[in-house]
Amino acid sequence: MEFVERTVHIGKISFPYISGFFSFREGEGTIRAYQKLNHKPDLLMINACGITHPANAGFTSHIGVVLDKPTIGITKRIFCGRAKMPQKEKEAQPLYHEGTQKGWLLKVLPETKPIVITVGHLTSTRSCLDITKKCLRGNKMPEPLRIAHRCAGEEKKKRGKRGGT
DNA sequence: GCGACAG
DNA sequence: ATCTTGTCGC
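Procedures and definitions
Residues numbered from 1 in each chain as written. Chains lettered and ligands numbered in written order. Predicted model: local features only at pLDDT ≥ 70, side-chain atom pairs only at ≥ 80, totals over all residues. Heavy atoms only, no water. UniProt positions renumbered as here; feature names shortened; annotations may be inferred. Near = heavy atom within 4 Å. Polar contact = N/O pair within 3.5 Å; in protein donor to acceptor, adjacent residues only side chain to side chain. Nonpolar A, V, L, I, M, F, W, Y, C, P; charged D, E, K, R; others polar. Patch = residues over 30% accessible without salt bridge, like charges linked within 9 Å, V, L, I, M, F, W, Y side chains within 5 Å. Areas by Shrake-Rupley, 256 points an atom, 1.4 Å probe, with all protein chains shown as cover. Salt bridge = Lys/Arg side-chain N within 4 Å of Asp/Glu carboxyl O. Buried < 20%, exposed > 50% of the residue type's maximum accessible area, 1.4 Å probe, protein only. Pairing = 2+ DSSP bridges. Helix = DSSP H or I, 4+ residues; strand = E, 2+ residues; numbered from the N terminus. Core = buried A, V, L, I, M, F, W, Y, C linked by side-chain atoms within 4.5 Å. Contact = heavy atoms within 4.5 Å. Disulfide = S-S within 2.5 Å. Arc of directions from axis to C-beta.

An unreviewed UniProt entry lists chain A under the name Endonuclease V, with Methanohalophilus euhalobius as the source organism. Regarding chain A, the UniProt comment filed under Catalytic activity (unreviewed entry) reads as follows: "Endonucleolytic cleavage at apurinic or apyrimidinic sites to products with a 5'-phosphate."

Caption draft 1: Just the protein's contact with DNA strand B, in detail. In the neighbourhood of DNA strand B, 16 residues make up the surrounding shell, with Tyr17, Gly20, Phe22, Cys49 and Arg77 lying closest. A share of 41% is what sugar and phosphate atoms reach among the atoms of DNA strand B within 4 Å of the protein. Note that a base nitrogen of DNA strand B is positioned 2.9 Å from one of the backbone N or O atoms of cysteine 49. Tallied by class, the residues present in the surface near DNA strand B amount to 7 nonpolar, 7 polar and 2 charged.

Caption draft 2: Representation of a nonpolar patch on the surface in the model. A grouping of Ile18, Phe21 and Phe24 is seen on the molecular surface, where their side chains present a nonpolar patch of about 300 Å² in accessible area. Overall, phenylalanine 21 belongs to the partly exposed group, its relative accessible area being 43%.

Caption draft 3: Quick look at the pairing of strand S3 (residues 92-97). One ladder, built from 6 bridges, connects S3 with strand S4 (residues 100-106); its direction is antiparallel. Residue pairing for S4: tyrosine 96 is matched across the bridge by glutamine 101.

Caption draft 4: A look at the nonpolar core. In this structure, Ile74, Leu106, Ile115 and Ile117 are the most contacted members of the largest nonpolar core, which totals 15 residues. Looking at this core, the elements that each hand over two or more residues are strand S2 (71-75), S4, strand S5 (115-121) and helix H3 (125-134). A per-element tally of this core places S5 first, with 3 residues. With residues near it in sequence (within four places) discarded, leucine 106 still touches Lys90, Glu91, Ala92, Pro114, Ile115, Ile117, Leu129, Lys133 and Leu136.

Caption draft 5: A look at the pattern of salt bridges. By the definition in use, this model includes 8 salt bridges. Linking glutamate 154 and arginine 150 is a salt bridge whose minimum nitrogen-to-oxygen distance equals 2.8 Å. Placement of the pair is glutamate 154 and arginine 150 together in helix H4 (residues 143-159), with a separation of 4 residues, close to one helical turn. Taking relative accessible area as the criterion, arginine 150 reaches 46% and is therefore assigned partly exposed. One salt bridge in this structure joins lysine 158 and glutamate 155, with 3.6 Å as the shortest N-O distance. Of this pair, lysine 158 and glutamate 155 are both found in helix H4, 3 residues apart, which corresponds to roughly one turn of the helix.

Caption draft 6: Structural view of the environment of glycine 20. Within the element layout of this structure, glycine 20 appears in the segment before helix H1 (22-35). Classification of glycine 20 as partly exposed rests on a relative accessible area of 25%. Sequence spacing of glycine 20 and cysteine 49 is 29 residues, and the spatial spacing of their C-alpha atoms is 9.5 Å. Not counting residues within four places of it along the chain, the set of residues in contact with glycine 20 comprises His53 and Phe79.

Caption draft 7: Expanded view of the state of the cysteines. Summed over the entire model, instances satisfying the criterion amount to 0 disulfides. Cysteine 80 forms no disulfide, and the closest cysteine sulfur to it belongs to cysteine 49, at a distance of 6.5 Å.

Caption draft 8: Main features of H3. All of the buried residues in H3 are Cys128, Leu129 and Thr132. With its buried residues spanning 90° around the axis, H3 presents them on a single face. Residues of H3 that are exposed and point more than 90 degrees away from the buried face comprise Arg126 and Lys134. Where H3 is buried, its residues meet strand S1 (44-46), S2, S3, S4 and S5.

Printed below as a string of C-alpha cells:
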C-alpha cells in the first residue's frame, strides 16, 4: 500500500449535522472530491458508519451504493450495535446489531480505545477486518483515514476557519 | 422522562 | 466536530 493521489473539494455546507443523517451533510462534497480523482480506488474507507445504522445504511453504505464501490466504515465510537470490549492489543470483538454481526471493535493500540469497523457496501465482516488490518501502520487509525484527516486539516488551516471534515 | 447521539 | 491542560513517547 502506497499513497497515490489526493483531491479536495471546497464548498458551502447546506445541511446541519444531525446524528443519523450524515449523508445529507457530507454526501455532495465527498462525491465531488471523488470525481476529481484521476485514479479511481478499488475500495473506499470512510470515517462514518456503514450498516450499523438505525436504517441499516449509514453514510459509508450510502456512498458505496452511489459510486458502486466496496466501502468500509471506521469510527471512533459505536453508533449502533453492541460488542464486548477487546482488551488485548490487536484483539477484535464482533459488533452485533439487530441480531447479526455487522462489524468489529478492534483494539489497535494497547492504551487507546478500540476503533469501530463497520461493513459498508460490497464487503463482508471478514474482508472488512482483513483489509482494515492491512491498512494499519502503527497508528490508531488506518493509514488512508490518517492521511485524509491530515489533508483536511492542512486545507482548513490554509484557508482559514470554515467547514468540517 | 432522561440521556445519548457517526462527524 | 471544536476547545483545551497536562502528560508521555519517539
